[in-house]
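# Structural features, examined
Single-letter residue listing:
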Amino acid sequence: MDSGSKTPPQPTTNGGGVPHKESQHDLSQVLQALEAIYNPRSSNDTRQQASAYLEQAKRLPEAPAHGFELAFNKSQPPALRHYGLSMLEYSIKYGWEDYTEEQGDALRQYVVQLAQNIAEEDPVYLRNKVAQLWTEIAKRSWGAEWMDMDNQLVELWETSIYHQGVVIYVLEMLSEEVFNREDTTAGLRGNDLGRACVEIFTPAAVLAQHLPGRDTSLNVKFGDDGWLKRLCDLLNWCLSNDYERDERVRSCAIKILNALKAAMAWVIPKAIAATQCVEHVCKALAVPVVPLQQAAVEVLYAIYSRSHLHDDEFVEIVCPMFTPGSVSLLREVYGWTLADMNINDLNEQKYALCKKLSELSANLGNFIEQKPQLIAEGSDLPGMFTLLFDMLRNPSLVVSIPILHCWTKLLRSRIVRDSDVVNQMIGGLLETCCSRLIRYEALPEDSEDTTLRFLNEDIDTFPERHAFLGNYRRYCEDIIEITVRRTPVEAMQHIFGQADALFQNLYGGLPPFQAQNFSKHATSVLRVDAQVTVINASLKGYLKWLSTQGSDPQKDDRDRNIMQDSIEQWCRNLLNTKFEDPEIAKKVVQLLVTFSTKALPERPAFALNLLEYILNANLQENPDLPQYSDAVKDLERICSVEMQKLAMMFPEEFMGVYDDLECKINSILSSQATDDRQRMAFTAFLFIIVHRSTTIDRSTQEARMKQMLSTVKEAWQADEFTKSLLSFPSFCEMLGMGRLPEFFSIHNFHNIQDWSTQALDSEGQAMQTNILERPKHLPLRLTKTLLAASTEKLREGSQAYDLACILWADAIPTILPNLLQLINHAQAFNNIDNWAHLPEELQQVIRKVLTDRFWQAGISTESRDDFFARVSGSKSTYEGFASTVRGTVRQIRETSYYILWSLTRFRDFFYGISDLPMPLSQALYGNAHALSAHHLSVLLSVSTQLIEGCPANLRAHFLPPMVAGLFRELDRKITTEWDAINKQISESGEHDNLSDEMKTESILRQLTYSAVSFVSQLLDQQRPDTPTKDSHDHKEESIWRFILSTPQVLEPILLFCKNTIRVRDTRCVGLVVRVLRTLIPRFKDKSPIRDFYCIDILQAAITSLHEPYFVDVQKDLASLIAAIIHLDEDIPRSIIMSLPGMPDKTYRVDRKLSQLRGANRNDDRVQRSIVLDLLSSVRGVSIHEQGRIERSKPKRKSTIQEQYMSVDEQPAIVRGTSAGLDGVANMFE
């Protein structure tokens, strides 16, 4: 309260609520204004004028008196009475600080009188509004000036059921805003309000017994019962009366349950036990009225979502739910919901109850896993396990997933695992999990599969569905893994039996495979995919079982040999099967190699047989069947990768038959039309065998490897290649693109709107083929392949690693000059400045050529398969030609990035090159601004590796130009692109098609988040110093220490962070704000960086804080602002005083700043509440109110969504402009 000069709110009734004569004219105008707003015949101008008048009326000194007068007078229309309450609300929210204590008392009396005056005929929304006003005043004065609130609540409670409704709503709102929500006003007095709530909710006996040392000076409690007991008693009364037919009673019971739910998260557990809250709520759950049951389940879920219960609290609160009666109740309610769970005629209310009941049951199951020893002997755990088993098998995966997750925990508990009833369920659990590893997202949309139909009913967006199914599969795999680990022999036999049955009857009920009917999502493929997933999960369980062996060596060896014999026999049986479907063949090859390298590493004979199988697994391409041919190419690629894995695991055994392998490979190469990719993969395979072998003579080994690498060095040194990289035109000529502009002009590209409809002529097709062939003559692919073979899965310091370093050290200086030129030109290709000499219409053609086609989950209007089919079908069109051009350049660029990344594996041999950093930075970032956001993401990825991989002793030499170049371009690109998108959104029309715009925004969000995540990673002060490879006594300094001590590295990062505070992505802003906060303690002393915080970063934070878009990160921004204010006495104050409207409030600003500095700095909620309160009155509009006015209230995610459907934030395109605070956006210019 302030000793200000405002006129106190005056009493406004003359004995019976009759207004003063002077006020009557004002109130009649208010009524006219309201009528104008609600009258459908009113013009927009009239409505706007009426709204402006009503808003202005709330600001008048006499507004509280007028508001009370309107609301109190029952003869007034409800809309007018509601407006009167909103006048009071405005006075409470925005005028309270300036009122004297007497004025505050007057306001409080208005609200108390209104609460006392409510009646049955009053609309519910008016009663709730009165309760809301009561809560707003309580947040500001209860426990300070207002000491008898509890007494007044009890008096209301004893008046009527309608008054009880107001009290219940007040109690619910207090719980929510003091404990459960981030409410600024409550946050300012959080500790005092929290203690007061505990006092009035908890029975006096519980307080005396369990909180004897509490502060008893509050003196806010009336009576001994406490509100928890009163609520439970009233609930019991409601359930004993005619709740089915009497709406008042039923509504009252639901309100009570809502209030209990809000309190259950914070009330002390002993109070829950003492008031028998669980028993009362279970009684409500037993009532066959779905809304009541839903409210009851929500309360129980809130109770059993609490963690860290002491043993005695566990016994008192949790164990009652395991009694036979409680378990029976849960089963009955679940059975009742199933009765109407028909996907063709779904009872939505019962289905929602079923889902929440599943979440509750899963929480109860988690308690069993945590403290099974505390559960009393008379409990019905078998019944509980049976209920959980039945719920797991529910046809709805959304109902099933919390239970599935729970079982992954239960099966890890020895006590649970060893129980007879769970033992009997293992087979059923395994069967259910195996059957649900099918890829539901690959099934046709019109499938009649019940589980898929429930899935489509529950989850609208593809990204959420994808994330959900990924989690469901992971939990199924966990259960399979746990089961195999516990009983490996029996479980593996069961799973191998399933697999045998599948492979022997792969096309049961289906036509046999024919190439012309190939589909990546054919039923047979999906069956094999699910079975392979099961086997992979079982393999993980088997390997974990192996890792626990050791207590009985002889028995362990015997068991291990039995298992390996069984596994090898099954794998050999599979080797006898030839698969014509390339998708299935690919999955089988990957599975067998996994078994060979993970489960059978001591059985090289099988590896040799498997290698022979892979070498003979070739299928013939069919040019007339492009999808099938692409799958065959993919099989060849996978076979190459898997062969190399075998070579890394069994180099000695393969070295023993090296000459035979070489002959076999030469035979394959000569007899088949293999491409360069396949040829190089075979070269890498042989290279790995020679490189990883320890039995071959060292000189022979080096000679063979040098011979293989000599081809690489010679290619990079070729004079013709070097000359082709001297200029951008010669680079284009090298790629067969020297005549591109002429070709585009002659073929009229600039006058054709839809390139996908225009077929290429013979000249175009010949040019396209030439462009595709040219990159094959570059040394990129061979270099990439041999680098991967030289470094993959090698430990630093190993013999093979040291040998690779020696051999490549000689090649690196040869490769780098032309590699950097290649990167430079490949990026310059996207820079329109290099095409500026062309006519404008051809420049537009170049821009279109450089624009990627891409498909975006949840945004693209066509399916992923349709998109790829469309792209594949347009290869011989103008669009296909454009795709060839940009794809060729992109492939060169990204292969070059990969080579750079691979070279970093050689540490000092790469980073130690004296003149490398500046040319490398120029090559990577000189034209980076011309890349699209997606392509810049790829560059960011390789830059991350380059920067993070730099040895500590070379950071000062290598990092400054690299970090400065990277963050300069990230800042430039991200800021420019966000500005462009914001402009597009503001100018978009109501009917514009924003699909492309949404895809662009989505990719920009991903780039922004990747960049911010990299900053967080670089500046992570929790990252410990790591021991050097030479000595564990000497530690390598963490990179964040180097960055903070090197201004030329830190400054571009901070500048990027400052600008990122303004991008319209709350996830990125939240993360960057948290990073900036963690750095503040490092800059307490006067320095340019501290000034940068106090001026630039503070301005950016305040600007974002006042934009409605950022309402979801206001608490993060407010915490950052609070921390900056503590840095300096003067600069932040001057910034705040420069805000619109602040110069007139010097006293208030200084008072708030003093309050902030005097508050506990470790209490984040209090700190940010003070800041939000300080800045709330800019332009007279609360920051939180802005959020509510400018954007719809975000829908609170369900627990299922939060836990099992988390995906990257999707772009939200908002059409049209949204008004912000006048002057705030440009207030610092």
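The protein goes by ARM repeat-containing protein in an unreviewed UniProt entry, where it is assigned to Lepidopterella palustris CBS 459.81. Per its UniProt entry, the protein bears the Function (unreviewed entry) comment "tRNA nucleus export receptor which facilitates tRNA translocation across the nuclear pore complex. Involved in pre-tRNA splicing, probably by affecting the interaction of pre-tRNA with splicing endonuclease." Check the Sequence similarities (unreviewed entry) section of the UniProt entry for the protein; it says "Belongs to the exportin family."

## A short note on the UniProt feature "domain: Importin N-terminal" (unreviewed entry) in the protein
In the numbering used here, UniProt assigns the "domain: Importin N-terminal" (unreviewed entry) feature to residues 50-136. Annotated as residues 50-136, this span is 77% helix and 0% strand, and its ends, taken at the C-alpha atoms, are 27 Å apart.

## Things to note about the packing of helix 34 (residues 676-692) against helix 40 (residues 780-791)
Closest axis-to-axis distance for the helix 34/helix 40 pair is 9 Å, and the angle between their directions is 30°. Comparing the axis directions of helix 34 and helix 40 gives the class roughly parallel. Considering how the two elements wind past one another, helix 34 and helix 40 form a crossing that is right-handed. Note on element contacts: helix 40 touches helix 34 through Arg781, Leu782, Thr785, Leu786, Ala789, Ser790 and Thr791, opposite Asp676, Arg677, Met680, Ala681, Thr683, Ala684, Phe687, Ile688, His691 and Arg692. Class assignment for the residues of the contact of helix 34 with helix 40 results in 8 nonpolar, 5 polar and 4 charged.

## Looking at the side chain of Asp122
With respect to the helices, strands and loops of the structure, Asp122 is situated in the loop between helix 5 (101-117) and helix 6 (124-141). Since its relative accessible area comes to 6%, Asp122 is described here as buried. Aside from chain neighbours lying at most four places away, what touches Asp122 is Lys74, Arg81, Asn117 and Arg127.

## Considering the packing of aromatic side chains
A full pass over the atoms with the stated rule returns 43 aromatic pairs. With centroids separated by 5.6 Å and ring planes inclined at 65°, the aromatic side chains of Trp716 and Phe721 adopt a geometry described as edge-to-face. Each member of the pair, Trp716 as well as Phe721, is classed as buried. Taken together, the aromatic side chains of Phe743, Phe744, Phe749, Trp755, Tyr878 and Phe881 make up a single cluster linked through ring pairs. Here Arg230 stacks its cationic end above the ring of Trp227, 4.4 Å away from the centre of that ring.

## Structural notes on unusual backbone geometry
For Gln276, which is not glycine, the phi torsion reads 55° and is therefore positive. Unusually for a residue other than glycine, Lys793 sits at a positive phi of about 55°. Along the chain, Lys793 falls in the loop between helix 40 and helix 41 (799-828).

## Description of helix 23 (residues 420-435)
For helix 23, with 16 residues, the first-to-last C-alpha span of 24 Å sits near the 22 Å given by 1.5 Å per residue. Along its length, helix 23 reaches its greatest deviation from straightness, about 40°, at Ile426. The set of residues buried in helix 23 consists of Val421, Val422, Met425, Ile426, Leu429, Leu430, Thr432, Cys433 and Cys434. Of the surrounding elements, those touching the buried residues of helix 23 are helix 20 (381-392), helix 21 (397-410), helix 22 (414-417), helix 25 (462-486), helix 26 (488-504) and helix 27 (523-547).

Analysis parameters
- Residues numbered from 1 in each chain as written.
- Predicted model: local features only at pLDDT ≥ 70, side-chain atom pairs only at ≥ 80, totals over all residues.
- Heavy atoms only, no water.
- UniProt positions renumbered as here; feature names shortened; annotations may be inferred.
- Helix = DSSP H or I, 4+ residues; strand = E, 2+ residues; numbered from the N terminus.
- Axes fitted to C-alpha atoms, helices over the stretch in contact; angles between N-to-C directions.
- Parallel < 35°, antiparallel > 145°, perpendicular 65-115°, else oblique.
- Left-handed = near helix turned anticlockwise from the far one by under 90°.
- Contact = heavy atoms within 4.5 Å.
- Nonpolar A, V, L, I, M, F, W, Y, C, P; charged D, E, K, R; others polar.
- Buried < 20%, exposed > 50% of the residue type's maximum accessible area, 1.4 Å probe, protein only.
- Phe/Tyr/Trp six-rings, centres within 6.5 Å; stacked < 30°, edge-to-face > 60°.
- Lys NZ or Arg CZ within 6 Å of the ring centre and 35° of its normal.
- Expected span 1.5 Å × (residues − 1).
- Bend = angle between axes of the 7 residues up to and from the residue.

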